[in-house]
Amino acid sequence: MEVNLEYIFWGVLGFMWLEFIWEGYLGRRQRKIYMSHTTVPDELKGILDDETFNKARLYALDKSFFGSVEGLFSHTLSTCMLWFSGYRIFWDMAQNTLDYLEFEGKNEILNSILFSTYLSIFSLVTGLPFSIYSTFVIEEKHGFNKQTGGFYVKDQIKKFFVSQFIQAPILAGIIKIVYWGGDHFYLYLWSFSMFMLLFLMTVYPDYIAPLFDKYTPMPEGELRTGIEQLAASVEFPLYKLYVVEGSKRSSHSNAYFYGFYKFKRIVLFDTLLELQERNKLRTEETKEQEEDQKSAKMGCNNSEILAVLGHELGHWKLNHVLKNLVIGQVQLFLMFLLFALMSKYKPLYAAFGFSDIQPVLIGLMVVLQFILAPYSSVVNFLMTMLSRKFEFQADEFAAGLGRAAPLQTALIKLNNDNLSFPIYDWLYSAWNHSHPPLLERIAALKKYQ
């Protein structure tokens, strides 16, 4: 029994640090690229000017060094949590709270919800200095942060309470199902997870996301007409078209679609639009806030936005979203099956400080977060490879719509607007990038012109 405990504990700890060393090695390889490429290489002439290239390089270096420090802190903290049975400490704190409130007997559901809440508070507090530094030092330094201190504080508070509100009933449902479902509870747990996923995908955009950002219907005009015509040309069932006011948070840009069946929505970040289109969404007061030249010059023209959306619609037309959903559900089923097989294995709980009890939530956390960590790393790498393949296919789809040229210029503009460094170490990129680097995508698109 003691040998099993040691194997489990040291195996989990060993892999955690092995993964950290591997990612640190990859990060070091990439930092060498940042430090050695100080001038625009020949293949990027005409794509990046010297000033933008150097800004992107310095931004990437700052993020890389910051990420290495944050990663070291995170792994040290996780080691302390394991070494000093931190999960048991938080579990006992939750039980002591229930005892203080004079709840009779042991209530695993309430204990698990309180445990999760305390753990979330702990994570929020320990992660807050890094979040603040990232937002108000690094992002501010490089011109991306648009948040005020008050906006940031309110945002963090809303995120915490919304996450707890969503998390509590899900935890209660999981624990109930495990005890009610018998030997085959994993089947019911898997069905419950699919239902919750579809439910949250349905309600999040309309009821949760607007709590954090303002969503405005795209006004009538050339761009809206173009998007509607593009959607109709590929038989995309466009239901609504929104612009999200992401510029209050950051000047980074994005676009996405969501929804089921014939109720699909397309969302554009206002930072994706050129100043003329952004101003259609603003009042006279907010127009005056566009005083910096960088913000005024950012964004894509209508033809480029349609090319970007052609790429996104390619993901839909080629069933990439559905394929990822199916793969994800298969992975989740396998994880729940393994949890079912190991849920009664006492040494698993004892290795994390639970030698006398076997709470469902603790078993689920241990299996999914720690025991399956090597498997998850391999799967994540394979999914990264698949994602890169899907990106090339979506680019090809957009090119088939006659939008290869504007998609190239859009990718270049987005790369420059977001200060993305375009040169990567091949191994670092293969492990970390779900999207192919800029030069690879441009080279592929040139074949369709």
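So, here is what we can say about the structure in this document. (Residues numbered from 1 in each chain as written. Predicted model: local features only at pLDDT ≥ 70, side-chain atom pairs only at ≥ 80, totals over all residues. Heavy atoms only, no water.)

**Section: the overall build of the protein chain**
So, step 1. Scanning the protein chain for helices and strands turns up 18 helices and four strands.
So, step 2. Taking 22 Å as the expected radius of gyration for a compact globule of 449 residues, we find that the protein chain reaches 24 Å, a close match to that expectation.
So, step 3. For the protein chain, the spread of C-alpha atoms along the principal axes amounts to about 65 × 50 × 45 Å.
So, step 4. For the protein chain, buried positions account for 47% of its 449 residues.
So, step 5. For the protein chain, the share of sequence-separated contacts (at least 6 apart) that also reach a separation of at least 24 residues comes to 77%.
So, step 6. Counting every atom, the protein chain has about 23,800 Å² of accessible surface; 62% of that belongs to carbon and sulfur.
So, step 7. For the protein chain, the distance from the average site of its 41 positive side-chain charges to the average site of its 45 negative ones is 3 Å. (Helix = DSSP H or I, 4+ residues; strand = E, 2+ residues; numbered from the N terminus. Rg over C-alpha atoms; globule rule 2.2 N^0.38 Å. Buried < 20%, exposed > 50% of the residue type's maximum accessible area, 1.4 Å probe, protein only. Contact = heavy atoms within 4.5 Å. Areas by Shrake-Rupley, 256 points an atom, 1.4 Å probe, with all protein chains shown as cover. Lys, Arg positive; Asp, Glu negative; His and termini not counted. Charge placed at Lys NZ, Arg CZ, Asp CG, Glu CD.)

**Details of a nonpolar patch on the surface**
So, step 1. Residues Leu322, Val326, Val330, Leu334 and Tyr375 make up a contiguous nonpolar surface patch of about 420 Å² in total accessible area.
So, step 2. Top contributing element to the nonpolar patch by residue count: helix α12 (residues 320-342), with four residues.
So, step 3. Counting through the fold element by element, Leu322 comes out in helix α12. (Patch = residues over 30% accessible without salt bridge, like charges linked within 9 Å, V, L, I, M, F, W, Y side chains within 5 Å. Salt bridge = Lys/Arg side-chain N within 4 Å of Asp/Glu carboxyl O.)

**Some points on the pattern of salt bridges**
So, step 1. Here the structure, examined in full by the defined rule, presents 13 salt bridges.
So, step 2. For Lys159, the salt bridge is made with Asp155, and the minimal N-O distance between the two is 3.5 Å. Here Lys159 pairs with Asp155, and both are found in helix α5 (residues 149-180), just four residues apart, close to one helical turn.
So, step 3. A salt bridge links Lys317 to Glu235, with the nearest nitrogen and oxygen atoms 3.6 Å apart.

**Focus on helix α11 (residues 302-317)**
So, step 1. Taking 1.5 Å of rise per residue, the 16 residues of α11 would be expected to cover 22 Å, and the 22 Å separating its terminal C-alpha atoms lies within 8% of that figure.
So, step 2. Of all 16 residues making up α11, 13 are buried, and the element is well covered by its neighbours.
So, step 3. For α11, the side-chain oxygen to backbone nitrogen distance between the N-cap and Ser303 is 3.2 Å, and the N-cap itself is Asn301.
So, step 4. Trailing α11 by a residue or two, Asn319 shows a phi angle of about 60°, which is positive. (Expected span 1.5 Å × (residues − 1). Polar contact = N/O pair within 3.5 Å; in protein donor to acceptor, adjacent residues only side chain to side chain.)

**Here we look at helix α16 (residues 404-417)**
So, step 1. Between its first and last C-alpha, α16 extends 20 Å over 14 residues, near the 20 Å set by a 1.5 Å rise per residue.
So, step 2. Once α16 ends, the next one or two residues include Leu419, with phi positive near 50°.

**As for the nonpolar core**
So, step 1. Ranked by size, the top nonpolar core spans 53 residues in total, and within it Ile227, Phe236, Ile266, Leu268, Ile305, Leu309 and Phe421 carry the most contacts.
So, step 2. In terms of residue count, the dominant contributor to this core is α11 (seven residues).
So, step 3. Counting residues in hydrophobic clusters, the runner-up holds 48 residues, among them Phe9, Trp91, Leu361 and Val366. (Core = buried A, V, L, I, M, F, W, Y, C linked by side-chain atoms within 4.5 Å.)

**Side note on the packing of α11 against α16**
So, step 1. Interhelical geometry of α11 versus α16 gives an angle of 95° and a closest axis separation of 8 Å. As judged from the angle between their axes, α11 and α16 are roughly perpendicular. Contacts between α11 and α16 pair Ser303, Glu304, Ala307 and Val308 from the former with Pro406, Leu407, Thr409, Ala410, Lys413 and Leu414 from the latter.
So, step 2. Residue composition of the contact of α11 with α16, grouped by class: six nonpolar, two polar and two charged. (Axes fitted to C-alpha atoms, helices over the stretch in contact; angles between N-to-C directions. Parallel < 35°, antiparallel > 145°, perpendicular 65-115°, else oblique. Nonpolar A, V, L, I, M, F, W, Y, C, P; charged D, E, K, R; others polar.)

**Describing a positive patch on the surface**
So, step 1. Together, Lys154, Lys158, Lys214 and Lys248 make up a positively charged patch on the protein surface.
So, step 2. Within the fold, Lys214 resides in the loop between α6 (185-208) and β1 (215-217).

**Some remarks on the packing of aromatic side chains**
So, step 1. Across all of its chains, the model carries 28 aromatic pairs by this definition.
So, step 2. Here Phe136 and Tyr152 contribute two aromatic rings whose centre-to-centre distance is 5.3 Å and whose plane-to-plane angle is 75°, an arrangement assigned as edge-to-face. Of this pair, Phe136 sits in helix α4 (residues 108-141) while Tyr152 sits in helix α5; the two residues are 16 residues apart in sequence, bridging distant segments of the chain.
So, step 3. Where Phe236 meets Trp316, the ring centres are 5.1 Å apart and the plane angle is 90°; that geometry is what we call edge-to-face. Of this pair, Phe236 sits in the loop between α7 (222-233) and β2 (238-244) while Trp316 is found in helix α11, placing the two residues 80 residues apart along the sequence.
So, step 4. Exposure remark for Phe236: the relative accessible area of 4% places this residue in the buried category.
So, step 5. Through a chain of ring-to-ring contacts, three or more aromatic side chains come together here, namely Trp22, Tyr25, Phe381 and Trp431. (Phe/Tyr/Trp six-rings, centres within 6.5 Å; stacked < 30°, edge-to-face > 60°.)

**Overview of the environment of Gly363**
So, step 1. Locating Gly363 in the fold gives a position in helix α14 (residues 360-371).
So, step 2. With relative accessibility at 1%, the residue Gly363 sits in the buried group.
So, step 3. When the C-alpha atoms of Gly363 and Phe352 are compared, they prove to be 9.7 Å apart, with eleven residues separating the residues in sequence.
So, step 4. Once you skip the residues sitting within four places of it in the chain, Gly363 turns out to touch Phe339 and Tyr349.

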